[in-house]
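Results of the structural survey
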Amino acid sequence: MLQTSLHQMNRDVIVKIPLIQSLFVIVLLFIIDTSIALTGQYYSPGKSSWLGSSGASSTPKDYKSYFPIIYVVLGINGTPHVRAIVDVEDVCPFRLLEEDIAESMGEAQLDTRVLGKPINDNKMPYKFPVRVCEMKVEDRTFDRILLEEGKLKISWKEKSYAVPRVKSNPRRFMFTADTGLRIKPTNLGLGNVANGDPPCNSTTIYGIHQCFLNFTKDDLTQPQTGSFQGLDEWHFKELVDSATSKDIDVIIHLGDYLYRQGPCPINNTDILDHETKNCSAVNVPEFAAADEIVLGTVMNFIPGEYGDNWWGWWSDFFYPTLNLLKEAPIIALRGNHEICDRGGYGYFMFLSPIEIEDYCLEKFDPYAIKFEHEQFLVMDDSIIRELNGGVDHFLPGACPGAPNTGFVVPTQLTRYNDTNDKDIQYHLDLFTQHFEKIHAMSLESENSFYIGHRPLFGICCNNGTVVTLDWTLQQALGPTTLDQISAIFSGHVQ
């Protein structure tokens with residue numbers, strides 16, 4: 001959920017907030033299955049039909065018919081990264097020039113190719129049977145002029161496609177955050193897997209610990225619980241589609257794109273409201289086969305429309321935002337759902353402007369996205385681990401009312417209370433350095449806006465007590481860090 005703290009603003013802001021009933025971002029434990037043991041660490045994916053399915057998915061299966069998916073990610077200093085998603089077997093598009101422009105630029109310009117990103121894995125669980133093509137458009141180039149005017153086009157399979165216009169002086173910004181369909185099973189029917197026999201303490205896939213090896217349909221005998229959201233309760237696509245008529249200049253997503261961490265049993269029980277949620281349609285179709293097993297990896301899971309693979313990202317983000325991404329460039333922040341063992345592979349493949357040689361980075365430094373009259377300072381705060389899981393594990397309870405006199409003083413959730421947390425000083429030192437960079441960059445513009453996933457000054461209720469949210473960031477803040485910051489935008493909580 002989006003949170004803002006405004007000091008001054010000279011531009012129109014359109015705030016689009018997904019109607020998600022609860023945004024608890026929990027790395028829960030859940031049982032994953034396989035039916036056929038091959039050899040050693042090889043396992044075959046289980047069958048989605050074991051968990052049942054009802055109704056129709058909201059995501060089209062024929063994703064290839066929507067290719068190429070063309071969009072622009074704004075990167076360091078505001079550099080546009082023009083990207084196109086095509087099938088893994090297809091060639092990348094070409095940058096296309098109109099005939100009158102081509103004559104003045106020379107024939108060689110017609111062969112300017114959009115290059116493929118060197119990040120791809122066509123094996124499960126991180127299977128991306130797509131190619132992400134990219135053209136980085138530097139400032140003071142002819143292509144940048146075309147982008148400014150909305151005239152840049154690319155050519156693919158003898159068709160011409162427009163690239164979203166990138167304005168150097170945008171006036172209308174759309175903010176959104178925490179947008180995926182919440183599916184986080186704690187139990188697929190094998191009892192209390194967090195404390196059961198055997199415990200779920202093996203490798204994780206999509207942030208979920210793996211348990212029973214080679215369980216069958218007959219093993220599904222216990223209640224199936226978790227944190228679930230019905231497809232009928234998820235309104236992300238209709239919200240962003242409504243924004244396409246608002247003349248948006250820049251989309252700013254504050255992180256947490258991927259909420260589908262596992263399958264949705266048809267007889268599920270949501271742990272929040274104790275109701276059955278209508279999300280089992282994500283269990284089909286089945287995407288993986290035994291020959292897609294990765295060497296040395298326990299492939300003990302049920303594939304479906306979820307997870308850090310193409311089908312998870314297509315369902316949770318790209319299909320809902322197809323129309324909006326045609327209209328404006330996106331500033332794509334990283335949330336805690338996009339850490340490397342949850343949704344990090346897809347984030348760095350599709351949305352991150354940071355150039356890397358591997359699949360995922362644990363962290364990256366702050367950077368500025370500059371426009372003519374303002375700049376946005378981007379903080380990657382995904383690495384932080386809050387005390388006892390933070391807001392994701394807060395207990396329900398009525399918030400205290402306003403006192404007759406004085407103020408409610410929130411309780412600080414200091415990480416020093418966790419004797420097993422070995423990264424406290426490392427994180428404090430890291431974010432102290434990050435905030436020093438934020439402060440230095442803020443001096444370069446009269447209008448600087450801080451954007452990060454975690455709220456700097458958020459408070460919440462935990463079991464009837466008002467507590468602060470992010471202790472690590474608050475401790476790392478310097479006394480003058482925010483002096484030149486006009487506004488703070490963040491997500492993570494509602």
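Residues numbered from 1 in each chain as written. Predicted model: local features only at pLDDT ≥ 70, side-chain atom pairs only at ≥ 80, totals over all residues. Heavy atoms only, no water.

Details of the state of the cysteines
Going by this rule: When two cysteine sulfur atoms are found within 2.5 Å, that pair is recorded as a disulfide. Helix and strand definitions follow DSSP, with helices as H or I runs of at least four residues and strands as E runs of at least two, each counted in order from the N terminus. Relative accessibility thresholds used throughout: buried, under 20% of the residue-type maximum; exposed, over 50%; partly exposed, between the two (1.4 Å probe, protein chains only).
One pass over the full model with this rule turns up 3 disulfides. Each sulfur in the disulfide pair cysteine 92 and cysteine 133 lies 2.1 Å from the other. Looking along the S-S bond of the cysteine 92-cysteine 133 disulfide, the torsion reads about -85 degrees, which is the left-handed sense. Of the two residues, cysteine 92 sits in the loop between β6 (80–87) and β7 (94–96) while cysteine 133 sits in strand β9 (residues 130–136), which places them 41 residues apart along the sequence. Take cysteine 92 and cysteine 133: they sit in the same class, and that class is buried. Disulfide partner of cysteine 340: cysteine 360, at an S-S distance of 2.2 Å. Taking the sign of the torsion about the S-S bond as the criterion, the disulfide between cysteine 340 and cysteine 360, at about -90 degrees, is left-handed. Remark: cysteine 360 occurs in the loop between α6 (344–351) and β20 (367–370) and cysteine 340 occurs in the loop between β19 (330–332) and α6; sequence separation between them is 20 residues. Overall, cysteine 340 belongs to the partly exposed group, its relative accessible area being 25%.

Here's the deal with α6
Definition in use: Contacts are residue-level and defined by heavy atoms, with any inter-residue pair within 4.5 Å sufficient.
Taking burial as the measure, the 8 residues of α6 include 7 buried ones, the bulk of the element. Buried within α6 we find Gly344, Gly346, Tyr347, Phe348, Met349, Phe350 and Leu351. Against β5 (69–74), β6, β9, α4 (310–318) and β19 lie the buried residues of α6.

Topic: the confidence of the model for the chain
Operational definition: A residue's pLDDT is simply how confident the predictor is in it, with values from 0 to 100.
When pLDDT is averaged along the chain, the result is 81, and 76% of the positions lie at 70 or above. Contacts from residues 104–112, a stretch scored under 50 in pLDDT, to residues over four places away or in other chains number 12 contacts. Considering only residues more than four positions removed or in separate chains, one finds that residues 192–196, a stretch of pLDDT under 50, has 10 contacts.

Here's the deal with the sheet that holds strand β13 (residues 183–185)
For clarity, the threshold we go by: Any two strands between which DSSP finds at least two bridges are classified as paired. The angle between two axes is taken between their N-to-C directions and runs from 0 to 180 degrees, where each axis is a line fitted to C-alpha atoms and a helix contributes only its stretch in contact.
Taking strand neighbours across the sheet as the criterion, the 3 strands line up as β13-β16-β18 in an open arrangement whose pairing is mixed. The sheet terminates laterally at β13 and β18 (268–270), the two strands that pair on one side only. Between one strand and the next, the sheet's axes are offset by a mean angle of 40 degrees, whatever the strand orientation.

Some thoughts on the pairing of strand β16 (residues 224–228)
Buried residues dominate β16, accounting for 4 of its 5 residues. Bridge analysis of β13 against β16 gives 3 bridges, and the strand direction is antiparallel. Across the sheet, proline 185 pairs through a bridge with glycine 226, a residue of β16. Both β16 and β18 contribute to a ladder of 3 bridges, which runs parallel. Within β18, the residue paired with glutamine 224 across the bridge is asparagine 268.

As for the pattern of salt bridges
Rule in force here: Throughout this description, the term salt bridge denotes a Lys or Arg side-chain nitrogen within 4 Å of a carboxyl oxygen of Asp or Glu.
Under the criterion given, the structure shown has 23 salt bridges. Of the charged contacts, one joins glutamate 444 and lysine 370 as a salt bridge, the two residues approaching to 3.0 Å between their closest N and O atoms. Residue glutamate 444 is located in the loop between α7 (424–442) and β22 (448–452), and its partner lysine 370 is located in strand β20; the two are separated by 74 residues in the primary sequence. Look at glutamate 444 and you get exposed, because its relative accessible area is 53%. For the salt bridge of arginine 454 with aspartate 470, the shortest nitrogen-to-oxygen distance reads 3.7 Å. Pair noted here: arginine 454 is in the loop between β22 and β23 (459–462) and aspartate 470 is in the loop between β24 (465–468) and α8 (471–476), with a separation of 16 residues, a long-range link. Aspartate 470 shares its class with arginine 454; the two are buried.

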